[in-house]
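# Examination of the molecular architecture
Chain residues, written in single-letter form:
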Amino acid sequence: MTVDETIGGAGMGRPGDDGRFGDFGGRFMPEALVPACLELEEAFAQAWGDPGFRAELDDLLRDYAGRPSPLTEARNLSERLGVRVLLKRDELNHTGSHKINNVLGQALLTRRMGKRRLVAETGAGQHGVATATAAALFGFDCIVYMGEVDVERQALNVFRMNLLGAEVRPVASGSRTLKDAINEALRDWVSSVETTHYCLGSVMGPHPYPWMVRELQRVIGDEARAQTAELLDGGIPDVVVACVGGGSNAAGIFAGFVDTDARLVGVQPEGGAAIGRGLPGVVHGSKSLLLQDEHGQVNEAHSVSAGLDYPGVGPEHAHLAVAGRAEYPTVADGAVLEAFQLLSRTEGIIPALEPAHAVAWVMREAGRGIPSGSTVLVNLCGRGDKDAVEVMRLLKGDPGTGAGG
Amino acid sequence: MTGRLEAELRRRRSEGAKLLVPYVTGGLSPEWTDVLQAVVAAGADAVEVGIPFSDPVMDGPTIQEASIRALARGTTPESILAELARIDVGVPLVAMTYYNLAFRMGDLRFARSLAAAGVAGAILPDLPLEESGPWEAEAAAAGVETVLLAAPVTPDERLAEIAARSRGFVYGVSRMGVTGERASVAASAGVMAKRLKAVTDKPVLIGFGVSTPQQAVEVSAEADGVVVASALLRVVLDGGGPEAVGDFVAGLREALDAG
Ligand SMILES: Cc1ncc(COP(=O)(O)O)c(C=O)c1O
């Protein structure tokens, strides 16, 4: 496979100076926030090239977050599906998801920039919990914006954030989910930018966020590349699969395999398929693919998973899709619930509803779109504790047999 | 070349007037164009017409509420421009919206439809210098003046470039924050006006939070005038019709004229 290593190309390198990945990305921000974006870009570029910063982050990831996360051979599921399933266990990280990788990096940057207050948006609450955790560790004030719908369906995470000392501000505007939480976080940031860093939770927003968050998440892909190479005698998996909300866990694992022949698959929720059903658009600071009406008003997404309930997608994914390097199928909520149960029963691993999308796609395509005998690496980016109550409600208290697949 | 918006604001300024540019959300109520005309009759020098967007990140609760209400009535960019095309208010109009609405229609088509509806200028607050070049070119080609915004944190060099590239007037943001009524004017408003006046002779207007006649006068000590949005929309959202809004604008006009 030839890889486009050029700046702004499809090789997951640095975006252009204009923050572009192909046609997507950029910095569509009010003037009041441009200096902060420029400051962050410079701070990150410097820090990322600074061995001292990298060593400090690596230590935190190892000693605090528990990295490297294991690679698990999912033998029972593999037998059942006829493909060899490998699970990258980022759900075992401290706080229960991949979000901590990004947040620890941004917390170090916050300190480096001399700021002491974090604002964040959250959907499922995992990014909010991770941010609240880092704020506790670093002694920062922390405000987390969360849509009212999500406050309700992810109540456990709201309580966790409060325990960690963060203030959770419910957002009542618009669809009352992730997109509106981002609006509110940006409104806070423009009023507080002198003291405050916006700790964005995915590969979206204005430059440098999509690039910075991908770089902070690429530890998933780098580890998985080495782990699969060892397990497969120097080989690579045939397929690398991750769920896509904004796309940070997917970008992190893809970054480790973009220069190989592995098929890269980002699984979207049926009700939030920005890639496929969206059109080019500009919201929250970048040009990407976006669910919108004919006039350009942003549509609401709908997903059983709060973390994927977003009408846009990170700009680099839009570029990887257009460039043909990655593909972005969808799965329906029902299949996700089945996958949630199946992985629990077969492997003793209760996944978050988000990565259950990736598992659902593998269940559907094994022996079809994925030839039998293939090796499939799934990014298991979060654990399901936060979803247990919501799934109990959806299943009307019946944990099921998981036989659906 | 100086456009219609800038020419009119310069003319009024040379007469010794402080400039008053109120903001009205397009499609907010069935009688919104009557509100617009009442605003002009009460002494507006130009009017900003907001084209509502689903995700107005620079706006506080009042403009958010106005946007949601307008959208709920089925308001679209096309419906607003069609209504504007049917009237001649006698002062320049400036469309204010977020870039995605222009981008979806296509920059040139959007700019041309503004011009066709008689709109002289455009403000797109989520297009900073680095992103607005292509839009500015298409707008200029269609005869639409693009007003750029400067913020209190804008460094001197950027400020000078914003002032140089802005058309119609230069919009100084009074303080760090979103739009919305405020009990007092931030000290940053005067600083903003002074900094802009030092680098340009284009009209300098200050907006964001200017709510009362007294605040308008205070801000206009340094600036050429003010943009007033949320406080005016509050009158409409609280049930006020063209007459009530006209009274509100007349109060601002009177105070500015009295100095
Ligand atoms: C476990 C988990 N996975 C995935 C996501 C979606 O984010 P992203 O697409 O950026 O990985 C979330 C967001 O809340 C999450 O909690």
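Residues numbered from 1 in each chain as written. Chains lettered and ligands numbered in written order. Predicted model: local features only at pLDDT ≥ 70, side-chain atom pairs only at ≥ 80, totals over all residues. Heavy atoms only, no water.

Glancing now at the environment of B:A151. Note on placement: B:A151 falls in the loop between β6 (148-150) and α8 (156-165). For B:A151, the contacting residues outside a window of four places in its chain are A:E31, A:A32, B:V173, B:M192 and B:R195. (Helix = DSSP H or I, 4+ residues; strand = E, 2+ residues; numbered from the N terminus. Contact = heavy atoms within 4.5 Å.)

Counting 157 residues, the largest nonpolar core has B:L84, B:L114 and B:W135 as the members making the most contacts within it. Per-element accounting of this core gives the leading share, 8 residues, to helix α1 (residues 34-48) of chain A. Formed jointly, this core draws a minimum of three residues from each of two domains, domain 1 (3-61 + 99-209) and domain 2 (68-96 + 218-395) of chain A. If we ignore the near neighbours within four places in the chain, the residues touching B:W135 are B:A102, B:D107, B:F110, B:A111, B:L114, B:A122, B:L124, B:L127 and B:T146. (Core = buried A, V, L, I, M, F, W, Y, C linked by side-chain atoms within 4.5 Å. Buried < 20%, exposed > 50% of the residue type's maximum accessible area, 1.4 Å probe, protein only. Domains from an automatic or database assignment.)

To continue, consider the pattern of salt bridges. Going through the model one piece at a time under the given rule, you end up with 52 salt bridges over all chains. With a shortest N-O distance of 2.7 Å, A:E41 and A:R27 are connected by a salt bridge. A residue pair is termed long-range when its members are at least 10 positions apart, and A:E41 in helix α1 and A:R27 in the loop between β2 (24-25) and α1 qualify at 14 residues. Both residues of the pair, A:E41 and A:R27, belong to the buried class. Between B:D224 and B:K197 there is a salt bridge whose closest N-O contact spans 2.8 Å. (Salt bridge = Lys/Arg side-chain N within 4 Å of Asp/Glu carboxyl O.)

All names here are of chain A. Each assigned domain of chain A is listed here: domain 1 (3-61 + 99-209) and domain 2 (68-96 + 218-395). For domain 1 versus domain 2, the separation of C-alpha centres amounts to 21 Å. Tallying the contact residues gives 44 residues for domain 1 and 49 residues for domain 2. Where domain 1 abuts domain 2, roughly 3,600 Å² becomes buried across the two surfaces, and 64% of that area is made up of carbon and sulfur atoms. The three residues of domain 1 that bury the most area against domain 2 are M12, F24 and R153, which together make up 23% of that side's buried surface. At the boundary of domain 1 and domain 2, one finds 1 salt bridge. Its salt-bridge partner being D309, residue R153 comes within 2.6 Å of it at the nearest N-O pair. Secondary-structure elements contributing two or more residues to the side of domain 1 that touches domain 2 are β2, α4 (99-112), α5 (126-138), α6 (148-153), α7 (155-163) and α8 (178-192). It is α8 that provides the largest number of residues to the side of domain 1 that touches domain 2, a total of 5 residues. Here the side of domain 1 that touches domain 2 is built from residues that sort into 18 nonpolar, 19 polar and 7 charged. (Buried area = accessible area lost by both parts, 1.4 Å probe. Nonpolar A, V, L, I, M, F, W, Y, C, P; charged D, E, K, R; others polar.)

A few words on the site of the ligand. Residues and elements named next belong to chain A. S202, G245, G247, S248 and N249 are the nearest of the 17 residues found near the ligand. Measuring from an oxygen atom of the ligand, one finds a side-chain N or O atom of H98 at 3.0 Å. Note that an oxygen atom of the ligand is positioned 2.5 Å from one of the side-chain N or O atoms of S202. Calculation on the ligand without its partners gives an accessible area of 390 Å², and the protein chains cover 98% of this total. Its residues assigned to classes, the shell around the ligand comprises 5 nonpolar, 10 polar and 2 charged. (Near = heavy atom within 4 Å. Polar contact = N/O pair within 3.5 Å; in protein donor to acceptor, adjacent residues only side chain to side chain. Areas by Shrake-Rupley, 256 points an atom, 1.4 Å probe, with all protein chains shown as cover.)

Residue and element names in this part refer to chain A. The linkage connecting R67 with the following residue, P68, adopts the cis geometry, with an omega of 0 degrees. The residue P68 is located in the loop between α2 (51-63) and β3 (71-73) in this model. Of note, the bond from H207 into P208 is cis; its omega dihedral lies within 30 degrees of zero at 15 degrees. When you line up the elements, P208 lands in the loop between β8 (196-198) and α9 (209-231). Residues other than glycine seldom take positive phi values, yet D233 does so here, at roughly 55 degrees. Here D233 is to be found in the loop between α9 and β9 (239-243). In this structure D233 comes out as exposed when scored by relative accessible area, which is 75%. Phi at H284 takes a positive value of approximately 55 degrees, unusual for a residue other than glycine. With respect to the helices and strands, H284 occurs in the loop between β11 (279-283) and β12 (286-290).

Counting residues at the interface gives 37 residues for chain A, matched by 35 residues for chain B. With both chains or domains summed, chain A and chain B bury close to 2,800 Å², and 57% of this area falls on carbon and sulfur atoms. For chain A, the biggest contributors to the area lost against chain B are A:E31, A:R187 and A:H295; these three give 25% of the whole. Here A:E31 and B:R158 are joined by a salt bridge, their closest N and O atoms 2.8 Å apart. Linking chain A to chain B there are 18 residue pairs in polar contact (both at pLDDT 80 or more). Those elements giving two or more residues to the side of chain A that touches chain B turn out to be α1, α8, β11 and β12 of chain A. Class assignment of the residues belonging to the side of chain A that touches chain B gives a composition of 16 nonpolar, 10 polar and 11 charged.

Here the focus is the sheet that holds β6(B). All names here are of chain B. The strand order β5-β4-β3-β2-β1-β9-β8-β7-β6 describes an open sheet built from 9 strands, whose pairing is parallel. On the outer flanks of this sheet lie β5 (145-146) and β6, each paired with one strand and no other. In the sheet, strand β2 (residues 47-50) pairs with strand β3 (residues 93-96) via 4 bridges, with the strands oriented parallel. Considered in β3, the bridge of V47 is made with L93. Contacts between helix α12 (residues 242-258) and the sheet are confined to β1 (19-25) and β9 (225-228), with β1 contributing the most and set at about 165 degrees to the helix. (Pairing = 2+ DSSP bridges. Axes fitted to C-alpha atoms, helices over the stretch in contact; angles between N-to-C directions.)

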